[in-house]
Amino acid sequence: MRKLFLAAVFILLFSVSAHADNLYLLSITDNVILDIVKDNIDHAHGAIGGKFIVFIDEKQNTILNNAGVEMQFLAGDCLPEDYCLIREEFDRTGKSAVSIPSIYEIPGGQIARLEENSYSILEREGYLMTPLAEKNTPFFYNPPSIAMPMSEDFPTDTLAALINTDSLFSYVQQLENFYTRFTPSDSCKRARDWIINKLTSFGYTDIQTQFFLATREFQGVINEPAYNVICTKTGYEKPDNWLIISGHYDSYSGSEVYGAAPGADDNAAGAAAMLELARIFRNVDFRKSIMFVAFGAEEQGRVGSEFMAQGIYEDAVDLELVINFDVIAYESDTIPSISLSATPDYLYANLFVEAAERLTDLMIWSMSTYPVSDNTSFYDYGYYTIMPWESHLTPYYHSAFDLSSTINPGFMTKIVKMSTAAISVIDKSADPVICDLYDIGDGHSLRVVWDSCFANYSYDVLYGTSEGVPTDTLDIPDGQCTIDITGLTEGLNYYVSVVPYPEGGYPPLYLEISSEKPLSTPRQPTGVDAEPVQGGILISWNENPELDINHYKLFRTYRGSNWILYEENLTGTEHIDSGVVSGQEYTYYISAIDNDDNESVNSPTVSSIPAFFDMGVLIADETQTGGDNPTELIQRIYFQYMMGDIPFDVIMIDSAYDAISRARAGQYNPIIWIDDDDCNHVLSGSLDTLEWYFRFDTDFMLSGWKTIYTITGQNYFYSGDYFYDNFGISYIAQNSLYDFTGATGGSGWPDLQIRPDAPGAGRMPFIDIFSAAPNAEIILTFNSASSNHFYNGKPVGVAYDTHHGKRIVLGFPVYYLTDESIQALMARVFEYFAEESVLYGDVNGDWGINILDVTYLINYLYKGGPAPTDMNNGDPNGSCAVNILDVTYLISYLYKGGPEPLEGCVI
């Protein structure tokens, strides 16, 4: 049957249709929802109007809907690369009417599916189109907040008087004199160096250039080297709390990209504002730290700011606010009007408005919560930003006529003075306090607790039954960071904020709002989960927020049985059910009981299967069906031939969302993962489950065609990396040539040959090659049809004895091996899995050799500690006795390059 089957089927695995999902807008309303979303979706494809753009499948949709996540359906059966996020740079008067086929639209932003010829038209009209496939936006949650009333005392306004109109105009002219600051031009780099020299002349020493590539193909620019200039001023009290003051320094002048692009208003003016603020703040003590930033490649799609925002997010920098300047110098009439972009809401806007009213005759023409320039990049990572800009955009925008002769230096000065006063207040203002609320459980009291509690601060607690409208105030005694609010109405939602008042400073500019209800009956338990453990099931749940919870009850059922009260006095938040049998699914729910014996509503039910690892072989079949790939039936026939007389079960893994569960994995040993197609590699979705599986005494084999390479690319791995620790590989590369004809075995592993009817006429491409980590073994090497010395003889198979399970990783598909090869390979695999595994020198039995084994042995020898789990493992020098010489032997091996531990001979 096998030979007839092979003669009838010629399979090429190079074309499979992409997996399409549905497009939604998703809202994150609290931290619980945030955690649920993060557990089910890797990232968003941008944000718009405070909502996240996501592509999800039906399984994810069901999970999120059941969890109460708010989602708005936009389109079905679609791919991220088919849609764009479209943003206007500025609301310009007089631009052409352009029809955009939007599926969602708010002021300043749209989601649309565009024809290719639409891109250049929209680009000319000042729109920026970013394919959703390029957007990798993290999920975040900004809690509800309310702006505080402004103080009547602003001694820091005196700094605004230091702003010098001549200085601002001089900076604009000098940047204009570079002729063009178009990103690829040499003069743009000279402008960058001029900014660095100017900051140095002010006395700053911590100045750096941040290199990046302008990779987005926009305005004819792609993969061009570009730079941000970053100058830092460290705060004396809160050095880790940062403000960014920024403006981009590059310019653009329409279709004649290498022609004159003086960019006086766009955006020498914004860069000049940043420089002038750096000048006057140089010798002023600031509590918080400041980054003065000149962004590069803004005109190519805000690439420089996007690069920096991503780095700040990944480094978990405490960034309070970005103040960005762009087009701030053109005044279109006698009314000095400006607009404010304040994202994601108006918490800082009032501060700028009131500063404008106190110090200038500026009028706020409009305020919006959509970003329009480099602030967009930071908005996409959840940071607060604000940007003042001229209400009526210069008619010389993106042209050779954007000259200093067309701007109003006095108008620009007013904007910078307003910003100076606002920034000074921000620096002197206390940070908002986030408080936790706990239900005392009597139906009329809540406890307020906050961590940010300082001796030189006083505090008030504000509360009420409408969000953002506090009606009651409690004064907090000095040094106290908690208070009980009593006399409340049961079942009403109360909104609570804590107001800190620093000595010699301003209160916070806005308040964080927490909410909770006082109840006399416990709430329904949340976060209930059931996960397999060896020989049992771990049931866990969140601690109820009421302070009078006494205990929890656990109820259980399984197929064919009635619900029973299984445990009735649980005081923690987890329990291991060890009264289980292999292969049986068990279902549970929890209820909470308070001190008055009130009982909550039952939690949602959860189910799992215990992990006994006793049901034999599981084949995880990732090979996709359809197109040129083998059908599911053909794969099953192949697996039967491959496994011979060994019984096995099969699970289909068609996407990352079909990830193997712990409940399924915990029933089997070994697991054999087969990924024998050339596309749609989805191992990544199961890595967490497999890492759990590897903690037990289990065996695993991976056969994959680009499987790991798809996740990592060409890469080195080190201790602590997933593939180093779990698979014993320290390097991965790939030979994309049609060159692989088979593999040469070593250490008892068979030679393997590829069938002549395999892709490439038996010379297969895209084969992964490895380097083995220490203690891993190379078992198969690459046979190159061309004798290519870069690949011939390189490892394509690695075996790794972790001493609590064996791992085999192959960089090629097994489906195309000859009959003799696949039979010989699988015979050796199961022989290897059956071999005894002992880790000599593992004194404490934790399946590792480290300093813990040394201390364990010393405790046993000299402090009456427990004996080694295996006395022979306590004899690493093989002397047939356990003594101090074994301690020094282990230390020499671990830290001095001494010989490996030997098999002991004590008993």
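Residues numbered from 1 in each chain as written. Predicted model: local features only at pLDDT ≥ 70, side-chain atom pairs only at ≥ 80, totals over all residues. Heavy atoms only, no water.

A. Focus on the packing of helix H5 (residues 165–176) against helix H11 (residues 409–428). Here H5 crosses H11 at 110°, and the two axes come no closer than 9 Å. By the angle class used here, H5 and H11 are roughly perpendicular. For the crossing formed where H5 meets H11, the hand is right-handed. Along its contact with H5, which presents Thr 165, Leu 168, Phe 169 and Val 172, the element H11 presents Pro 409, Gly 410, Met 412, Thr 413 and Val 416. Along the lines of polarity and charge, the residues of the contact of H5 with H11 split into six nonpolar, three polar and no charged. (Axes fitted to C-alpha atoms, helices over the stretch in contact; angles between N-to-C directions. Helix = DSSP H or I, 4+ residues; strand = E, 2+ residues; numbered from the N terminus. Parallel < 35°, antiparallel > 145°, perpendicular 65-115°, else oblique. Left-handed = near helix turned anticlockwise from the far one by under 90°. Contact = heavy atoms within 4.5 Å. Nonpolar A, V, L, I, M, F, W, Y, C, P; charged D, E, K, R; others polar.)

B. Quick look at the packing of aromatic side chains. Scanning all chains against the criterion turns up 44 aromatic pairs. Aromatic pair Tyr 716 and Tyr 731: ring centres 4.6 Å apart, planes at 40°, arrangement tilted. With Tyr 716 in strand E37 (residues 715–716) and Tyr 731 in strand E38 (residues 729–735), this residue pair connects regions lying 15 residues apart in the sequence. On the basis of relative accessible area, Tyr 731 is assigned to the buried category, the value being 17%. Where Tyr 832 meets Phe 833, the ring centres are 6.3 Å apart and the plane angle is 40°; that geometry is what we call tilted. By the burial criterion, Tyr 832 is buried, and Phe 833 matches it. Among the aromatic residues, those joined into a ring-pair cluster are Phe 613, Trp 692, Tyr 693, Phe 694, Phe 696, Phe 700, Phe 717, Tyr 722, Phe 723 and Phe 727. Lying across the ring of Tyr 227, Arg 192 places its NZ or CZ 4.3 Å from the centre. Its end group placed over the ring of Tyr 204, Arg 282 keeps NZ or CZ at 5.3 Å from the ring centre. (Phe/Tyr/Trp six-rings, centres within 6.5 Å; stacked < 30°, edge-to-face > 60°. Buried < 20%, exposed > 50% of the residue type's maximum accessible area, 1.4 Å probe, protein only. Lys NZ or Arg CZ within 6 Å of the ring centre and 35° of its normal.)

C. Summary view of the nonpolar core. Judged by nonpolar contacts, the single largest core of 72 residues is most densely connected at Ile 195, Ile 245, Leu 277, Phe 281 and Phe 292. In terms of residue count, the dominant contributor to this core is helix H7 (residues 264–281) (12 residues). For Ile 195, the residues in contact, after removing those within four places along its chain, are Leu 175, Val 229, Tyr 249, Met 274, Leu 275 and Ala 294. (Core = buried A, V, L, I, M, F, W, Y, C linked by side-chain atoms within 4.5 Å.)

D. Representation of the sheet that holds strand E44 (residues 806–810). Strand order across the open sheet formed by nine strands is E34-E33-E35-E36-E44-E43-E42-E39-E40, with mixed pairing between neighbours. Of all the strands in the sheet, just strand E34 (648–652) and strand E40 (752–753) have a single pairing partner and so form its edges. Bridge analysis of strand E39 (residues 740–745) against E40 gives two bridges, and the strand direction is antiparallel. Its bridge partner lying in E40, Gly 742 is registered against Gln 753. (Pairing = 2+ DSSP bridges.)

E. Representation of the state of the cysteines. Counted by the stated rule, this structure contains two disulfides. Here Cys 453 is linked by a disulfide to Cys 481, with a sulfur-sulfur distance of 1.5 Å. Judged by the sign of its S-S torsion, about -110°, the bond between Cys 453 and Cys 481 is left-handed. In this pair, Cys 453 sits in the loop between strand E19 (446–450) and strand E20 (457–464) while Cys 481 sits in the loop between strand E21 (472–476) and strand E22 (482–485), placing the two residues 28 residues apart along the sequence. Given a relative accessible area of 24%, Cys 453 falls into the partly exposed group. One disulfide in the model links Cys 880 with Cys 905; its S-S distance is 1.8 Å. (Disulfide = S-S within 2.5 Å.)

F. Structural view of the environment of Val 293. By secondary structure assignment, the location of Val 293 is in strand E13 (residues 288–295). The exposure class of Val 293 is buried, given its relative accessible area of 0%. When the C-alpha atoms of Val 293 and Asn 228 are compared, they prove to be 6.9 Å apart, with 65 residues separating the residues in sequence.

G. The arrangement of a nonpolar patch on the surface in detail. A grouping of Ile 851, Leu 852, Ile 891 and Tyr 895 is seen on the molecular surface, where their side chains present a nonpolar patch of about 370 Å² in accessible area. Of all the secondary structure elements, the ones that give two or more residues to the nonpolar patch are helix H18 (851–862) and helix H19 (884–895). (Patch = residues over 30% accessible without salt bridge, like charges linked within 9 Å, V, L, I, M, F, W, Y side chains within 5 Å. Areas by Shrake-Rupley, 256 points an atom, 1.4 Å probe, with all protein chains shown as cover. Salt bridge = Lys/Arg side-chain N within 4 Å of Asp/Glu carboxyl O.)

H. Structural context of H5. Taking 1.5 Å per residue, 12 residues should reach 16 Å; H5 reaches 17 Å between its end C-alpha atoms and fits that length. Those residues of H5 not exposed but buried are Ser 167, Leu 168, Tyr 171, Val 172, Leu 175 and Glu 176. Looking at the buried positions of H5, the neighbouring elements they touch are helix H6 (186–201), H7 and H11. N-cap assignment for H5: the residue whose side-chain oxygen lies 2.8 Å from the backbone N of Asp 166 is Asn 164. (Expected span 1.5 Å × (residues − 1). Polar contact = N/O pair within 3.5 Å; in protein donor to acceptor, adjacent residues only side chain to side chain.)

I. Focus on the pattern of salt bridges. Under the definition given, this model contains 21 salt bridges. Of the charged contacts, one joins Arg 192 and Asp 193 as a salt bridge, the two residues approaching to 3.0 Å between their closest N and O atoms. Asp 193 sits in the partly exposed class, given a relative accessible area of 33%. Here Asp 431 makes a salt bridge to Lys 238, at a shortest N to O gap of 1.8 Å. Here Asp 431, found in the loop between H11 and strand E18 (435–439), pairs with Lys 238, found in strand E12 (residues 238–248); they are 193 residues apart in sequence, far enough to count as distant.

J. Inspection of H19 at higher detail. The terminal C-alpha atoms of H19, which comprises 12 residues, lie 17 Å apart, in line with the 16 Å expected from a rise of 1.5 Å per residue. At its buried positions, H19 is contacted by H18. For H19, the N-terminal cap is Asn 883; the gap from its side-chain oxygen to the backbone nitrogen of Leu 885 is 3.0 Å. Looking at the residues trailing H19, positive phi occurs at Gly 897, about 70°.

K. View of unusual backbone geometry. The amide bond that connects Asp 266 to the next residue, Asn 267, takes the cis arrangement and shows omega of 10°. With respect to the helices and strands, Asn 267 occurs in helix H7. Residues Thr 343 and Pro 344 are joined by a peptide bond in cis, for which omega reads -5°. Within the element layout of this structure, Pro 344 appears in the loop between strand E15 (337–343) and helix H9 (349–359). Backbone geometry places Ala 297, a non-glycine residue, at a positive phi of 55°.

Functional significance is not addressed by these values, which are geometric in nature.
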